[in-house]
Amino acid sequence: MIYHQDTYLVVIGGAEDKTADKVILKKLVSLTKKKDPKFVVMTTATEKPKEAGQQYIKVFKTLGVERTTVLNIESREDANKDEILKEMMDGDCIFFTGGDQLRISSILGGTRVHDLLHKCVGEGKVIAGTSAGASMMSEIMVVEGMDEKAPSRCTIKMAPGMGLMEGVIIDQHFNQRGRIGRLLSAIAQNPHSLGIGIDENTAIVVSYQNHFDVVGSGVVTIIDGRDIAFTNTCEQYPNEPLAITNVRMHVLPTDYGFHLPSKTPVVPSKSNKKAQDQSQEESK
C-alpha cells in the first residue's frame with residue numbers, strides 16, 4: 001500500500017515518447033514538485049546500461065532536469081553499499097529503465113536497496129519504471145510469456161516481484177504485443193490479484209489514496225478475477241487452452257481512473273471531459 005500523501009508510483013507500459021510531447025516524462029518532473037529536482041536512473045534491468053543512462057540524462061535535461069544520476073547496480077554486493085543508498089535518498093524521482101525484470105528482482109530483491117525502495121514509497125518520493133521497470137513493481141511479476149497466443153498454462157511464466165504495489169500483476173507493451181492471453185492466464189492462476197495491462201506510451205499514476213489515473217496515448221486493460229465462476233487452470237495440461245468464466249474486464253484511456261481498494265473504474269465527469277476536450281482543441 002501507499003502511505004505518504006505526496007507519494008506517487010508511475011508505471012509505464014514501455015516505449016514512452018522521448019522526442020515529441022513527452023507527456024509521461026513531463027508528468028514525472030511535475031510530480032516531484034521541485035524547481036530543481038534530482039533524478040536517479042536505475043539501469044539494472046538492461047544489458048546496455050551506459051547507453052540507456054545517457055539517453056535518459058539527455059531526455060530529462062530537455063525537460064529542465066539538470067541533475068540526473070545513473071546507478072548501474074550489477075551485483076547484490078553493490079545493492080547493499082552505503083554510497084548507492086545515499087544517491088537514492090538524495091533523489092526526488094527514482095526511475096527504472098526497461099530490460100529484463102528478472103534482473104531487477106534477482107539482483108535487488110531482499111537487499112538494502114529493496115528495503116529503501118519500500119521506505120521511499122512511504123516517504124513521498126516518486127518511483128517510476130518503464131517496461132521491465134513496470135513489471136517488477138507488483139508482488140507477482142510476469143517474467144516471460146507467449147505473445148498473441150490463446151491463454152494456457154504455458155502462455156506465461158511468473159516470479160515474485162519487488163512488491164511496491166500489492167495485489168496486482170502488471171504486464172506491459174500490452175496491446176502492441178497481444179498480451180491479453182498471458183494476463184488472463186496469470187489471473188486464472190491468481191484470481192485474488194488484479195491484472196493491469198499497460199500499453200506503450202501509456203502509464204498509470206498511482207497516488208497515496210491507492211487510486212490511479214491513466215496518462216498517455218494508449219489504454220490500460222484491467223482484468224478482475226474475483227468473480228471467476230470456473231477455470232480449468234488446475235486441471236489442464238500445459239498446452240491445453242484455458243477455460244475461464246465470469247471474468248470482469250475494464251479498458252481505460254487517458255484521463256480515466258481506477259480505485260484499487262474497491263476495484264472500481266472512475267469515469268471523468270462531463271464537465272471535466274468538456275474542459276479536457278476544449279484544452280486539446282486549443283492546443284492544436
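Please refer to the structure placed before this passage.
Since we're looking at a predicted model, the values are computed, not measured.

Peer 1: It is not clear to me how the packing of helix H3 (residues 82-90) against helix H5 (residues 112-123) should be interpreted in this structure. Could you clarify?
Peer 2: When two helices pack together, their arrangement is given by the angle between the helix axes and the distance between those axes. Where H3 contacts H5, the axes come no closer than 11 Å and their chain directions differ by 20 degrees. Considering the angle they form, H3 stands roughly parallel to H5. When you trace H3 past H5, the crossing you get is right-handed. Residues Asp82, Ile84, Leu85, Met88 and Met89 of H3 pack against Arg112, Val113, Leu116, Leu117, Cys120 and Glu123 of H5. Taken together, the residues of the contact of H3 with H5 sort by class into 8 nonpolar, no polar and 3 charged.

Peer 1: Mind showing me how you'd approach the pattern of salt bridges here?
Peer 2: Side-chain pairs of opposite charge can arise whenever the charged atoms involved come near each other. Enumeration according to the criterion identifies 13 salt bridges in this entry. Here lysine 34 ties to aspartate 92 by a salt bridge, and the two come within 2.6 Å at their closest N and O atoms. With lysine 34 in the loop between helix H1 (23-32) and strand E2 (38-42) and aspartate 92 in the loop between H3 and strand E4 (93-96), the pair connects residues that are 58 residues apart, well separated along the chain. One salt bridge connects aspartate 36 with arginine 67, and the closest N-O pair in it is separated by 3.4 Å.

Peer 1: I'm lost on the sheet that holds strand E16 (residues 257-259) in this one. Help?
Peer 2: For sheets, the rule is that strands pair by backbone hydrogen bonds, running either parallel or antiparallel. As summarised here, the arrangement of the 9 strands in space is E3-E2-E4-E5-E1-E10-E11-E16-E17, forming an open sheet in which the pairing is mixed. The open sheet terminates on both sides in strands that have one partner only, identified here as strand E3 (67-71) and strand E17 (264-266). Each adjacent strand pair in this sheet contributes to an overall mean axis angle of 20 degrees, direction not counted. Across 5 bridges, E2 lies against E3 in parallel orientation. The residue of E3 that forms the bridge with lysine 38 is arginine 67.

Cut-offs applied
Residues numbered from 1 in each chain as written. Predicted model: local features only at pLDDT ≥ 70, side-chain atom pairs only at ≥ 80, totals over all residues. Heavy atoms only, no water. Axes fitted to C-alpha atoms, helices over the stretch in contact; angles between N-to-C directions. Helix = DSSP H or I, 4+ residues; strand = E, 2+ residues; numbered from the N terminus. Parallel < 35°, antiparallel > 145°, perpendicular 65-115°, else oblique. Left-handed = near helix turned anticlockwise from the far one by under 90°. Contact = heavy atoms within 4.5 Å. Nonpolar A, V, L, I, M, F, W, Y, C, P; charged D, E, K, R; others polar. Salt bridge = Lys/Arg side-chain N within 4 Å of Asp/Glu carboxyl O. Pairing = 2+ DSSP bridges.

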